Amino acid sequence: MVQLTRIYTKSGDKGKTALGNGTRVAKNDIRVAAYGTVDETNAVIGVARLHATGDVDAMLARIQNDLFDLGADLCTPGDGSDDNPERPALRITSKQTERLESEIDAINAGLDPLTSFVLPGGSALSAQLHVARTVSRRAERLIVELSGIEAINPEAVRYINRLSDHMFVLARHANNGGKDDILWQPGLTR
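A brief look at the structure comes next. In this text, all values refer to a predicted model and were calculated from it rather than measured experimentally.

1. So, the nonpolar core
- With 41 residues, the main nonpolar core has L70 and M167 as its most contacted residues.
- Residue assignment for this core shows that the elements contributing at least two residues are α1 (30-48), α2 (54-75), α3 (94-109), α4 (124-147) and α5 (154-174).
- With near-sequence residues (within four places) excluded, M167 lies in contact with I45, L60, I63, L129, A132 and R133.

Here it is as structure tokens:
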């Protein structure tokens, strides 16, 4: 385990930061924005966990750990195909994405059918999960933008795409299985 002994390094004082391979880039580099937004997603999920219990909290804890893996993946340039076999970079795997899909299917099976778009809100947990959903969508847009410029692990895009779906169905689950969802009423205030 790495032990951090200094809180501030001063190495970023000139607007640069180090990637996982040691390359220094501007702090506003698209790669840094992408993994920074993944970190933001993780923080929002941490707030949501204040309202979660049992299996939901356990799912969110696993996702938070995955998001650190995703951040490490994005922090290290390349798609994994040329990683050093003796010291490969940490990459998101299809197994992690498939676990999200399995959880989505299980949660969704117990939800009331959708009859309208759902407005973010309802319970405190649901509202926080909707924030996590929207932040993960922003992370996805940045990751896709990065993938148009540089090679990245394609599983990173799949994982973040499934994560927003997971946050949506989990938010509905947190609203009494969808019974307490707040539904959009088109043209309500015209």
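So much for the structure itself; the text now carries on.
2. Observations concerning a nonpolar patch on the surface
- Where nonpolar side chains cluster on the molecular surface, the patch consists of F117, L119, I182 and W184 and spans about 400 Å² of accessible area.
- Along the chain, I182 falls in strand β4 (residues 182-183).

3. Describing the side chain of Q96
- Position of Q96 relative to the elements: it lies in helix α3.
- For Q96, a relative accessible area of 11% gives the class buried.
- A polar contact is formed between the side chain of Q96 and the side chain of D69, at a distance of 3.0 Å.

Rules used in this analysis
- Residues numbered from 1 in each chain as written.
- Predicted model: local features only at pLDDT ≥ 70, side-chain atom pairs only at ≥ 80, totals over all residues.
- Heavy atoms only, no water.
- Core = buried A, V, L, I, M, F, W, Y, C linked by side-chain atoms within 4.5 Å.
- Buried < 20%, exposed > 50% of the residue type's maximum accessible area, 1.4 Å probe, protein only.
- Helix = DSSP H or I, 4+ residues; strand = E, 2+ residues; numbered from the N terminus.
- Contact = heavy atoms within 4.5 Å.
- Patch = residues over 30% accessible without salt bridge, like charges linked within 9 Å, V, L, I, M, F, W, Y side chains within 5 Å.
- Areas by Shrake-Rupley, 256 points an atom, 1.4 Å probe, with all protein chains shown as cover.
- Salt bridge = Lys/Arg side-chain N within 4 Å of Asp/Glu carboxyl O.
- Polar contact = N/O pair within 3.5 Å; in protein donor to acceptor, adjacent residues only side chain to side chain.

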